[in-house]
Amino acid sequence: MKIAVPLVSVLALALVAWICTAYLNLYTLFGVIIPYAAFALFVIGFVVRIVRWGTSAVPFRIPTTCGQQKSLPWIKQAKTDNPSSYAGVVGRMLLEVLFFRSLFRNSKVEKRDDKLVIGSAKWLWLGALVFHWSMLVIVLRHFRLFLDPVPIWVQALEGADSAFQIGIPILYLTDVFVVAGLTFLFLRRVVVPRIRYLSLSVDYFPLFLLLGIAVSGIVMRYAFRVDLNSVKELTMGLVTFNPVVGAGIEPLLFVHVFLVSVLLVYFPWSKLMHSGGVFFSPTRNLANNNRARRHVNPWNYPVQVHTYAEYEEEFGEKMKKVGLPLDAE
């Protein structure tokens with residue numbers, strides 16, 4: 001059920017969009033109203049989550065440290081693993097966000113017979129890196145549908161992505177890589193017993209949703225061959241707030257747009273929000289300079305204390321009667 005429910009949910013969403021556009025002609029609803037509403041909810045949800053994280057109290061310096069802290073001059077510091085300056089923190093964050101450095105250095109522990117075996121987890125790092133970078137390139141490539149004229153950097157990105165041209169239309173490498181990355185992440189959750197036991201429906205739903213978006217886009221490009229002029233007219237109308245929805249657009253396009261809209265609404269309130277939350281993690285974005293600077297809790301306030309001397313002065317007679325020793329004596 002953990003797999004069936006999210007899979008059926010994504011298929012049902014795609015089927016609803018197909019029926020409503022192919023047979024009920026609800027082009028304006030699925031081509032204009034839902035995308036606008038989804039984008040607005042995405043922006044609002046993203047801002048709300050970021051504001052909540054940004055205003056959360058972080059009274060202690062708790063960076064994750066995996067190397068030598070800055071100490072004596074002749075002891076070499078691990079400036080990336082244990083940064084003591086904000087420049088080091090920026091370098092550490094860049095390696096984390098762009099190359100998943102902590103995941104690359106991660107290891108897995110398994111029990112084989114009666115022994116614990118520590119092994120590499122590089123396949124997870126590679127699968128995650130392939131998926132995230134492919135998704136980023138695909139999103140940037142889609143800017144050609146929303147900008148006129150198309151910027152040079154978008155054209156250069158498309159050229160690099162289609163460097164190994166195979167047939168017509170051009171095969172984008174990221175189209176293959178994103179499906180391969182998502183498939184690997186899904187199979188990992190199904191094949192590895194420990195991961196399968198820990199996985200919930202909310203872990204499978206975004207995988208199926210992203211796969212639905214990727215597959216619908218690939219099929220739309222290589223099989224149904226939608227009219228790019230109509231698509232460009234629709235997207236430019238959305239950007240300029242002058243939407244024009246033509247009845248001749250392939251229903252699969254509205255399925256693709258609807259699944260993207262669902263992802264936008266779901267994104268801020270799901271685990272996918274780690275893309276924004278990583279910048280607000282105190283284990284990553286703080287310099288480990290506890291030895292160099294004293295950090296005081298900013299909301300400390302004076303507290304009325306009752307010292308032991310005052311306690312002994314107040315209850316000294318009673319303590320003396322029960323035979324307790326007194327410091328005053």
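Residues numbered from 1 in each chain as written. Predicted model: local features only at pLDDT ≥ 70, side-chain atom pairs only at ≥ 80, totals over all residues. Heavy atoms only, no water.

*Asks:* Explanation requested: unusual backbone geometry in the structure shown.
*Replies:* Negative phi values dominate among residues other than glycine, just as trans dominates among peptide bonds. Of note, the bond from Asp-148 into Pro-149 is cis; its omega dihedral lies within 30 degrees of zero at 5°. Mapped onto the fold, Pro-149 is located in the loop between helix 5 (122-141) and helix 6 (152-161). Here Asn-25, not a glycine, exhibits a phi torsion of approximately 55°, which is positive. Inspection of the secondary structure puts Asn-25 in the loop between helix 1 (4-22) and helix 2 (27-54). For Asn-25, a relative accessible area of 46% translates into the label partly exposed. Although it is not a glycine, Phe-100 adopts a positive phi angle of roughly 55°. You can see Phe-100 is positioned in the loop between helix 3 (86-99) and helix 4 (101-104). (Helix = DSSP H or I, 4+ residues; strand = E, 2+ residues; numbered from the N terminus. Buried < 20%, exposed > 50% of the residue type's maximum accessible area, 1.4 Å probe, protein only.)

*Asks:* Explain the packing of aromatic side chains here, please?
*Replies:* Any two aromatic rings considered together are summarised by their centre-to-centre distance and by the angle between their planes. A full pass over the atoms with the stated rule returns 13 aromatic pairs. Note on Phe-30 and Phe-258: the rings are 5.2 Å apart at their centroids and 70° apart in plane angle, and the pair reads as edge-to-face. Linking Phe-30 in helix 2 with Phe-258 in helix 11 (residues 251-266), this pair joins segments that are 228 residues apart in sequence. For the pair shown, Phe-30 and Phe-258 are each scored as buried. By way of ring pairs, the aromatic residues Phe-42, Phe-46 and Phe-267 are connected into one cluster. It is Lys-122 that lies over the ring of Phe-104; its NZ or CZ is 4.8 Å from the centre. Positioned above the aromatic ring of Tyr-172, the side-chain terminus of Arg-141 is 3.9 Å from the ring centre. (Phe/Tyr/Trp six-rings, centres within 6.5 Å; stacked < 30°, edge-to-face > 60°. Lys NZ or Arg CZ within 6 Å of the ring centre and 35° of its normal.)

*Asks:* How should I be thinking about the pattern of salt bridges in this particular structure?
*Replies:* Should the charged atoms of two oppositely charged side chains come close, the side chains can pair. Tallying each qualifying case throughout the model produces 7 salt bridges. For Asp-81, the salt bridge is made with Arg-101, and the minimal N-O distance between the two is 2.5 Å. Taken as a pair, Asp-81 in the loop between helix 2 and helix 3 and Arg-101 in helix 4 lie far apart in primary sequence, 20 residues in all. With relative accessibility at 12%, the residue Asp-81 sits in the buried group. A salt bridge links Arg-144 to Glu-158, with the nearest nitrogen and oxygen atoms 2.5 Å apart. Highlighted residues: Arg-144 in the loop between helix 5 and helix 6 and Glu-158 in helix 6, separated in sequence by 14 residues. On the basis of relative accessible area, Arg-144 is assigned to the partly exposed category, the value being 22%. Among the charged side chains, a salt-bridge network with shared partners connects Asp-81, Arg-101 and Arg-105. (Salt bridge = Lys/Arg side-chain N within 4 Å of Asp/Glu carboxyl O.)

*Asks:* What's the story with the nonpolar core in this structure? I'm lost.
*Replies:* One recurring pattern in soluble globular proteins: nonpolar side chains tend to sit buried together. One finds Phe-30, Leu-182 and Leu-209 to be the most contacted residues of the largest nonpolar core, which totals 41 residues. Looking at which element gives the most residues to this core, the answer is helix 9 (residues 201-224), with 10 residues. (Core = buried A, V, L, I, M, F, W, Y, C linked by side-chain atoms within 4.5 Å.)

*Asks:* What is the right way to read helix 3 from this model?
*Replies:* In an α-helix, one turn spans 3.6 residues, which is why side chains three or four residues apart end up on the same side. The end-to-end C-alpha separation of helix 3 is 19 Å, in line with the 20 Å expected for 14 residues at 1.5 Å each. Along helix 3, the residues that are buried comprise Gly-88, Val-89, Arg-92, Met-93 and Glu-96. Buried positions in helix 3, seen along its axis, are confined to an arc of 135° and lie on one side of it. Taken together, the buried residues of helix 3 touch helix 4. Just beyond helix 3, the residue with positive phi is Phe-100, at close to 55°. (Expected span 1.5 Å × (residues − 1). Arc of directions from axis to C-beta. Contact = heavy atoms within 4.5 Å.)

*Asks:* I'm lost on helix 2 in this one. Help?
*Replies:* Over its 28 residues, helix 2 extends 40 Å from the first C-alpha to the last, a length consistent with the 40 Å expected when each residue adds 1.5 Å. The largest bend in helix 2 amounts to roughly 30° and is located at Ile-34, with the proline Pro-35 lying one to four residues further along. Buried within helix 2 are the following residues: Tyr-27, Phe-30, Gly-31, Val-32, Ile-34, Pro-35, Ala-38, Phe-42, Gly-45 and Arg-49. (Bend = angle between axes of the 7 residues up to and from the residue.)

*Asks:* Explain the environment of Val-10 to me, please; I cannot follow it from the model alone.
*Replies:* Note that Val-10 resides in helix 1. For Val-10, a relative accessible area of 6% gives the class buried. When the C-alpha positions of Val-10 and Phe-208 are compared, they lie 6.7 Å apart, and in sequence the two are 198 residues distant. Setting aside residues up to four positions removed in sequence, Val-10 forms contacts with Phe-205, Phe-208, Leu-209 and Leu-259.

*Asks:* Looking at this structure, I do not really get the confidence of the model for the protein chain. What am I missing?
*Replies:* Should pLDDT be low for a region, the predicted coordinates there are not to be read in detail. In the predicted model, the protein chain carries a mean pLDDT of 88, and the fraction of residues at 70 or more is 95%. Here strand 2 (residues 115-120) is the element of the protein chain with the lowest mean pLDDT, 65, and helix 11 is the one with the highest, 95. (pLDDT = per-residue confidence, 0-100.)

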